[in-house]
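Breakdown of the fold
Spelled out, the chains give:
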Amino acid sequence: MCDAVTRVMFGAIYAAEGSSSEVLLASAQEFSPRVDRVSDPREIVLDLSGLTRLFGDARTIAEELRRTAADRGVQIRVAIAGTRTAARLMVRHRAGITIIEPGTEAAALAPLPLALLGELAGDVNSQLPKSVGNWELGVVFKSWGLRTLGELAALPSDDLAARLGQDGVRWQRLARGEDATPLVPSVPEERFEQALDLEWPIEELEPLAFVLGRLLEPLEAHLERRGRGAAVLHVRLFLVKSAGETRDVHERSLQLPTPIRDARTLRTLALLDLESHPPTGPIDRVVVAVDPTPARIVQFSLITRPLPSPEQLSTLMARLQALMGETRCGSPALVDAWTPGAFEMTTFTPVDTNAIHSHETRSSVDMTVALRRFRHPVPARVRLTDGKPSRVTIDRRGMDGGGVRVCAGPWRTSGQWWRKSESDGWDRDEWDVTLTDGATYRLFRARDTEQWFVDGVLD
Amino acid sequence: MANHALAAVESALRDRKLDRTLTTALAPLERVDPSALVPMDVAPLDACLRGGLPRGHLSELVGARSSGRMTLLLQMMAAATSRGEIVAFVDTLDRLDVASAAAAGVDLSRLLWVRGQDISGRAGPFGPASPTERAIDRALKALNLVLQAGGFGVVAIDLADVPPVAIRQIPFNTWMRVQRVIEGSDTACVLLASEPLARSAGGLTVTLAGRATWVGTSDRSRRLSGIDVRARVVSPRKRIDGDAKVGIVVTEVTDRDLPIARAR
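The shown structure was predicted, so the numbers you read here are calculated from the model rather than taken from an experiment.

Turning to the interface of chain B and chain A, a few remarks are in order. Across the boundary between the two partners, chain B contributes 92 residues, which contact 75 residues of chain A. When chain B packs against chain A, the two sides together hide about 7,200 Å² of surface, and 57% of this comes from carbon and sulfur. At the boundary of chain B with chain A, the tally comes to 6 salt bridges. Applying the counting rule to chain B against chain A returns 24 residue pairs in polar contact (both at pLDDT 80 or more). Of all the elements in the fold, those that place two or more residues in the side of chain B that touches chain A are helix H2 (43-49), helix H3 (69-82), helix H4 (98-104), strand E5 (111-115), helix H5 (131-149), strand E8 (205-215), strand E9 (223-234) and strand E10 (242-249) of chain B. Of the residues forming the side of chain B that touches chain A, the biggest block, 9 residues, is contributed by H3 of chain B. Within the side of chain B that touches chain A, the residues separate by chemical class into 44 nonpolar, 20 polar and 28 charged.

See the structure below:
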């Protein structure tokens with residue numbers, strides 16, 4: 001009795017041509033959650049182990065399967081065996097219900113034609129490794145005069161391996177009805193989405209924060225149960241429909257730098273984004289969805305100084321971008337160009353290094369004078385004596401200018417003059433000047449306009 | 001009686017967590033824990049600072065233009081990033097030259113740069129809601145956000161080019177609030193300014209004066225060779241005061257060679 005309950009049992013169902021694969025899947029899932037969708041949409045393999053207590057013996061289960069499918073309008077064949085391979089081969093060969101007693105798979109499959117194995121070839125979900133995913137050896141078997149699975153199964157394995165390698169042995173095991181790998185159930189695509197219809201439309205972000213919190217907390221629990229994090233956060237706000245108009249949907253998608261599932265962080269990020277891109281009307285339905293991705297695994301170190309968590313960094317960057325502007329926060333990066341002051345902004349995503357915190361001073365470091373650059377060069381009036389600047393006047397608050405104590409130059413640079421836009425190109429003579437107040441400036445004269453500018457301060 | 005009054009004052013200060021201003025509550029003079037300091041990575045200056053600027057406090061690098069304050073700050077950030085720390089620079093008026101930062105050795109991927117608006121090219125009086133005031137307000141808010149996030153080794157704010165009249169409009173308790181945010185953290189907050197502003201009880205003020213040095217006697221061969229910086233460290237109650245002299249050289253990040261012949 002105990003043996004009957006715990007016996008490993010697999011079933012394969014094969015539907016008539018033109019049947020809906022979704023209906024077939026639904027029928028199979030009524031019996032077992034462990035269902036494998038193979039490449040052929042007409043076929044499904046399911047794990048029936050332990051179902052005898054619920055339904056009775058294998059034949060009863062097979063009859064119930066056929067009846068359930070028939071109720072949904074699908075005619076199916078059913079084969080039940082101790083291995084998936086045996087069930088799959090048999091269901092393709094014989095109509096109706098076929099039951100193979102466990103341990104007799106090889107004998108039951110022996111009279112079946114060898115060409116059946118070819119039907120399993122190329123099935124990505126089958127137990128066949130990629131190297132034998134095609135039926136090239138079928139030609140060899142045919143030339144040897146093999147016609148049935150039993151004839152292939154009866155060959156000496158050592159000799160088969162010597163002639164065809166491990167691929168030949170794998171085909172032989174399949175011919176005997178043996179499974180090479182365990183069943184991997186097909187997991188239906190899971191949606192991580194929460195929605196809420198509001199009784200009264202909301203117009204401001206503050207009440208929306210509570211709604212988002214209520215939606216994101218179960219979403220966080222769902223992600224945690226599945227070991228997932230959010231890669232992209234989608235917020236869809238359905239706006240109240242005016243008379244005679246179609247309903248507008250305000251949709252925002254946030255790409256998260258790392259998988260995050262903390263509800264408070266996600267809510268803050270969503271709210272900060274909505275502050276920058278507010279909806280145009282009252283909201284009466286809120287939908288929050290995330291694109292799941294495997295959760296982050298963190299290994300902390302006792303040696304290195306910890307970096308802020310990605311949640312903290314994401315929130316910080318969102319707040320800074322809301323305050324300063326989206327393009328004004330991040331990490332600078334040099335660009336391969338001669339343009340003075342050229343750089344680009346990149347996302348600030350520091351990686352944890354294994355650099356051990358050291359308190360030693362770098363001994364042989366030459367400091368280089370830094371330039372404080374005016375992003376918009378400041379116009380100046382320069383008096384020349386013998387072709388050299390002798391006095392600089394700057395009409396800006398806090399920049400008085402003065403007499404030139406020492407100067408060097410000019411260094412001529414030009415570039416990008418072939419561009420159509422004048423702002424892209426430059427053609428100028430640069431000077432370094434120290435004024436009487438002790439400050440050292442970098443000046444330049446634009447050669448096309450003869451105008452002088454302060455480029456920066458050497459500091 | 002006097003002792004009772006003193007004890008009452010000290011007790012009241014401790015209740016309000018202001019006991020750092022008490023002489024008796026100050027940390028020992030010998031600062032032996034190197035992990036509590038951020039070295040400037042400049043040997044004479046670090047020797048003068050007895051290891052570096054303190055973490056968890058607001059320190060200042062102050063000086064006039066061309067006094068070497070930006071160079072020293074970038075040097076400090078380069079040292080911090082080379083140790084694997086991350087640093088932040090709140091650039092009130094968008095003055096950072098990225099090539100200079102890279103030349104100083106700052107690992108740019110570990111630098112968070114918060115760029116304000118460059119308003120130097122715009123004329124206009126200072127007043128309520130002026131561009132300068134808005135820029136300072138945003139920069140201070142950004143500084144607060146970065147400090148509250150935590151995890152940064154060095155966080156600097158640049159107020160060096162802000163007009164003095166605008167600086168004077170900043171409420172003094174701003175710096176007390178900053179000090180309270182970073183108290184006990186591993187972050188060294190550095191204020192870059194033209195004159196001392198914060199006067200923190202636990203931080204240090206490094207006053208800088210620079211003099212440009214030139215090489216070459218003729219017009220054609222003359223070029224800027226560096227800046228001689230004289231640093232003076234001022235600390236609360238003159239505990240770590242001292243002077244240091246630092247030389248900074250010019251290393252061109254462009255392909256400058258000799259100047260071209262001048263047209264006369």
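The axes of two packed helices give the description: the angle between them and the distance between them. Packing of helix H14 (residues 310-324) of chain A against H5 of chain B brings their axes to within 10 Å, and their N-to-C directions diverge by 175°. In terms of orientation, H14 of chain A lies roughly antiparallel with respect to H5 of chain B. Only Arg 138, Lys 141, Ala 142, Leu 145, Val 146 and Ala 149 of chain B of H5 of chain B make contact with H14 of chain A, whose side of the interface consists of Gln 312, Leu 316, Arg 319, Leu 320, Leu 323 and Met 324 of chain A. When the residues that make up the contact of H14 of chain A with H5 of chain B are grouped by side-chain class, the tally is 8 nonpolar, 1 polar and 3 charged.

Let us now look at the side chain of Asp 97 of chain B. Residue position: Asp 97 of chain B is located in the loop between strand E4 (87-91) and H4. Not counting residues up to four positions away in its chain, the partners in contact with Asp 97 of chain B are Gly 341, Leu 371 and Arg 373 of chain A.

Counting across every chain of the model gives 4 cavities of 30 Å³ or more. Its boundaries defined by the atoms lining it, the largest cavity holds a volume of some 50 Å³. Lining the largest cavity are Met 324 and Arg 328 of chain A together with Thr 92, Arg 115, Gly 116, Gln 117, Ala 135 and Arg 138 of chain B. Looking at the lining of the largest cavity, its residues break down into 2 nonpolar, 3 polar and 3 charged. In this structure, the second largest cavity encloses a volume near 40 Å³.

With that out of the way, let us pick up the layout of surface pockets. All names here are of chain A. What the largest pocket holds in volume is close to 1,200 Å³. Every residue lining the largest pocket is counted, 43 residues in all, and those nearest its centre are Pro 257, Pro 310, Leu 313, Ser 314 and Thr 349. When the residues that make up the lining of the largest pocket are grouped by side-chain class, the tally is 21 nonpolar, 17 polar and 5 charged.

Aromatic ring pairs are defined here through the distance separating the ring centres and the angle between the ring planes. Using the criterion set out here, one finds 5 aromatic pairs over all chains in the structure. Taking the centre distance of 6.1 Å and the plane angle of 15° together, the rings of Phe 348 of chain A and Phe 152 of chain B count as stacked. Taken together, the residues Phe 348 of chain A in the loop between strand E11 (343-346) and strand E12 (371-385) and Phe 152 of chain B in the loop between H5 and strand E6 (154-158) connect one chain to another. Looking at Phe 348 of chain A, the relative accessible area reads 3%, which means it is buried.

Residue and element names in this part refer to chain A. Across the sheet, 4 strands lie side by side as E6-E9-E7-E8; this open sheet has antiparallel pairing. Sheet topology places strand E6 (193-202) and strand E8 (249-260) at the edges, where each strand pairs with a single neighbour. Taken pair by pair, the neighbouring strands of this sheet meet at an average axis angle of 15°, ignoring direction. The sheet contact formed by strand E7 (residues 228-239) and strand E9 (residues 283-294) spans 11 bridges and is antiparallel. Along E9, the bridge assignment pairs Leu 233 with Val 290.

A separate point is helix H13 (residues 263-276) of chain A. Because an α-helix completes one turn every 3.6 residues, residues spaced three or four positions apart along the sequence face the same direction. Residue and element names in this part refer to chain A. The first and last C-alpha atoms of H13 sit 20 Å apart over 14 residues, in line with the 20 Å expected at 1.5 Å per residue. Of all 14 residues in H13, 10 are buried; the element is thus mostly enclosed. Of all the residues in H13, the buried ones are Ala 263, Thr 265, Leu 266, Thr 268, Leu 269, Ala 270, Leu 271, Leu 272, Asp 273 and Leu 274. For H13, the secondary structure elements touched by its buried residues are helix H12 (205-225), E7, E8 and H14.

Residues and elements named next belong to chain A. The element strand E14 (residues 399-415) is extensively covered by neighbouring structure, given that 12 of its 17 residues are classed as buried. In this antiparallel pair of consecutive strands, strand E13 (residues 388-396) and E14, the connection spans 2 residues, and Gly 398 shows a positive phi of 85°. Note: E14 against strand E15 (residues 426-435), 9 bridges, orientation antiparallel. Bridge assignment links Ser 414 to a residue of E15, and that residue is Asp 427.

So, on to the pattern of salt bridges. Opposite charge on two side chains permits them to pair, given that their charged atoms come into close proximity. All names here are of chain A. Tallied over the entire structure, the rule returns 37 salt bridges over all chains. The partner of Arg 445 in a salt bridge is Asp 429, and the shortest N-O contact between them spans 3.2 Å. In this pair, Arg 445 sits in strand E16 (residues 440-446) while Asp 429 sits in strand E15, placing the two residues 16 residues apart along the sequence. What makes Arg 445 buried here is its relative accessible area of 16%. Asp 429 sits in the buried class, given a relative accessible area of 4%.

Bringing the packing of helix H10 (residues 157-164) of chain A against helix H11 (residues 166-175) of chain A into the picture now. Residues and elements named next belong to chain A. Axis separation between H10 and H11 bottoms out at 6 Å; the angle between their running directions is 135°. Between H10 and H11, the interaxial angle falls into the category oblique. Here H10 contributes Ser 157, Leu 160, Ala 161 and Leu 164 to the contact with H11, which in turn contributes Gln 166, Asp 167, Gly 168, Val 169 and Gln 172. Here the contact of H10 with H11 is built from residues that sort into 4 nonpolar, 4 polar and 1 charged.

Let us look at the nonpolar core. Judged by nonpolar contacts, the single largest core of 51 residues is most densely connected at Met 40, Leu 45, Leu 61, Phe 89 and Val 206 of chain B. Core analysis: the next-biggest nonpolar cluster, separate from the first, contains 42 residues, Ala 88, Val 155, Val 162 and Cys 189 of chain B among them.

The rules behind each value
Residues numbered from 1 in each chain as written. Chains lettered and ligands numbered in written order. Predicted model: local features only at pLDDT ≥ 70, side-chain atom pairs only at ≥ 80, totals over all residues. Heavy atoms only, no water. Contact = heavy atoms within 4.5 Å. Buried area = accessible area lost by both parts, 1.4 Å probe. Salt bridge = Lys/Arg side-chain N within 4 Å of Asp/Glu carboxyl O. Polar contact = N/O pair within 3.5 Å; in protein donor to acceptor, adjacent residues only side chain to side chain. Helix = DSSP H or I, 4+ residues; strand = E, 2+ residues; numbered from the N terminus. Nonpolar A, V, L, I, M, F, W, Y, C, P; charged D, E, K, R; others polar. Axes fitted to C-alpha atoms, helices over the stretch in contact; angles between N-to-C directions. Parallel < 35°, antiparallel > 145°, perpendicular 65-115°, else oblique. 1 Å grid on protein atoms, 1.4 Å probe; cavity = no way out; pocket = protein on both sides within 12 Å on 5 of 7 lines; lining within 4 Å. Points joined across faces, edges and corners; volume = space filled by probe spheres on them. Phe/Tyr/Trp six-rings, centres within 6.5 Å; stacked < 30°, edge-to-face > 60°. Buried < 20%, exposed > 50% of the residue type's maximum accessible area, 1.4 Å probe, protein only. Pairing = 2+ DSSP bridges. Expected span 1.5 Å × (residues − 1). Core = buried A, V, L, I, M, F, W, Y, C linked by side-chain atoms within 4.5 Å.

Function-wise, these values are silent; they only describe arrangement.
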